[in-house]
Each structure stands twice: as structure tokens, then as C-alpha cells.
Amino acid sequence: MKIIANNQEFHIQDQQTNSVTSIISFINQIIAESSMVFCGMKVDGEEIYDHFEELLSERESIQVIELILVTKEQLAKETLISIREYVSRALALLPGVVEAFYSGSPSSEEWTKLSQMIEGVQWIQNSSQYYADLDFVDSFVFTQQLEDLNTAVMQQDHTMIADIIQYEIITKYEALHQGIGELSMHEVGQHDAN
């Protein structure tokens, strides 16, 4: 088996060394010794981003594992681009969700969209630690909105849910979209996670 990381090849011959636990341990050692951030791996050409141990143990034989590693600067840039793309799509969809909740009878599809929006908000908030230096870092933080949404959902208060999305989430999404749009990608490198 061959493991590739940062243009280096590591060959593993011994069958016992090929146990999933040993492979993961070896990969973790490579990651720890690099200054890069681990994002995923390609196993015989197939990209995987989670459940590594499970996927590796399901394989009868593995020829090549290529680690997907990026610099902190690359990760910061790519994450900001992803956030802006996500927010742009969400801004197009959320008015319909708001309308459905204001009507008082949101469909199961609208509840699913609400759930997806909450996951997106949590992802953005988790990213905030990498952008503490940005002028608009407050736009990444949704702690109060998440608490208020939780309360509204528990109380089945459709109007409150619609109000939070309309007047708080959408407003923050617009600020994020504008702030990231105005930020040159050169500046992102100056704000990457240390």
C-alpha cells in the first residue's frame, strides 16, 4: 500500500501494518508532522471526507491513499467562498420559508428547509473562530438567534420563527454576503487561523 501526502510517498509492506487502526495512526502521524490542515483523503481515487475507519475497514484491499491537505490560508479562503455561496443560495430560498411560517401552516418541506438553515447557521458560527480579525465577525455569530429559534420551535410559534428568520437571520446573511464580497482574497490570508 502507498500513502501519499505533500508529494511524498510512504510504502507500507507488512500485512499487520495494514490494519485500519495502524493506517489511521500512521496518517495521524503524517498530519501531526505537517503544517497543513487535513480535509479528507482519496482511497484508490475515491474522495472521502468522513467515517474514515469505517470506509477503510470495508475495503478488502487498498492500493493508494492520498491525503487531502491544505494550508490554513487555503482553508480560510475556501471556507469564506463556501459561506458566501451558501448564503447567496439561502437568501434566495428563505423568503419562501418565512412566508410559509407566517401563513401558520408550514409544510414538512418548509420544516426541512428550517432544519437545513439551522445546520447552515451552526456551520457558519463554527467558522467564526477563524475570522476573529474581520470587521464583520459579528455576522458569523448566531448564538442568540439559535436560542430564540429553539424556543420558537419548542412552542410551535410559527410567527416567531418567521420573525427570527426575516429580521435576524436574513439580515446577518446579507451582512455576511456583502462583507465577504468586499473582502479581497489577499486579505483572507492575513486573517487565516493561527
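See the structure above.
Predicted model, so just to flag it, every value in this text is computed and none were measured. (Residues numbered from 1 in each chain as written. Predicted model: local features only at pLDDT ≥ 70, side-chain atom pairs only at ≥ 80, totals over all residues. Heavy atoms only, no water.)

Considerations on the nonpolar core
Then, number 1: Counting 33 residues, the largest nonpolar core has Leu-94, Met-117, Ile-124, Phe-140, Ile-165, Tyr-173 and Leu-176 as its most contacted members.
Then, number 2: Mapped onto this core, the elements with two or more residues apiece are α3 (72–102), α4 (108–127), α5 (143–154) and α6 (158–182).
Then, number 3: Among the elements that take part in this core, α3 stands out by supplying ten residues, more than any other.
Then, number 4: If near-sequence neighbours (up to four positions away) are discounted, Phe-140 is found in contact with Leu-80, Ile-83, Ile-124, Gln-125, Ser-128, Tyr-131, Leu-134 and Leu-176.
Then, number 5: Formed by 19 residues, the second largest nonpolar core is a distinct cluster that contains Ile-23, Ile-24, Ile-31 and Ile-65. (Core = buried A, V, L, I, M, F, W, Y, C linked by side-chain atoms within 4.5 Å. Buried < 20%, exposed > 50% of the residue type's maximum accessible area, 1.4 Å probe, protein only. Helix = DSSP H or I, 4+ residues; strand = E, 2+ residues; numbered from the N terminus. Contact = heavy atoms within 4.5 Å.)

Focus on the side chain of His-158
Then, number 1: Counting through the fold element by element, His-158 comes out in helix α6.
Then, number 2: Those residues in contact with His-158, other than ones at most four positions away along the chain, are Phe-101, Gly-104, Ser-105, Pro-106 and Trp-111.

Examining the pattern of salt bridges
Then, number 1: If you walk through the whole model with that rule in mind, you get five salt bridges.
Then, number 2: Linking Lys-2 and Glu-9 is a salt bridge whose minimum nitrogen-to-oxygen distance equals 3.9 Å.
Then, number 3: Taking relative accessible area as the criterion, Lys-2 reaches 24% and is therefore assigned partly exposed.
Then, number 4: When its relative accessible area of 46% is taken as the criterion, Glu-9 is described as partly exposed.
Then, number 5: The closest approach of N and O atoms between Glu-46 and Arg-59, which form a salt bridge, is 2.5 Å. Residue Glu-46 is located in strand β4 (residues 46–48), and its partner Arg-59 is located in the loop between α2 (52–58) and β5 (64–70); the two are separated by 13 residues in the primary sequence.
Then, number 6: Residue Glu-46 is classed as partly exposed on the basis of its relative accessible area, which comes to 40%.
Then, number 7: On the basis of relative accessibility, which here comes to 27%, the residue Arg-59 falls in the partly exposed class.
Then, number 8: Within this structure, Glu-109, Glu-110 and Lys-113 form a network of salt bridges that share partners. (Salt bridge = Lys/Arg side-chain N within 4 Å of Asp/Glu carboxyl O.)

Bear in mind that shape data such as this cannot, by itself, settle questions of function.
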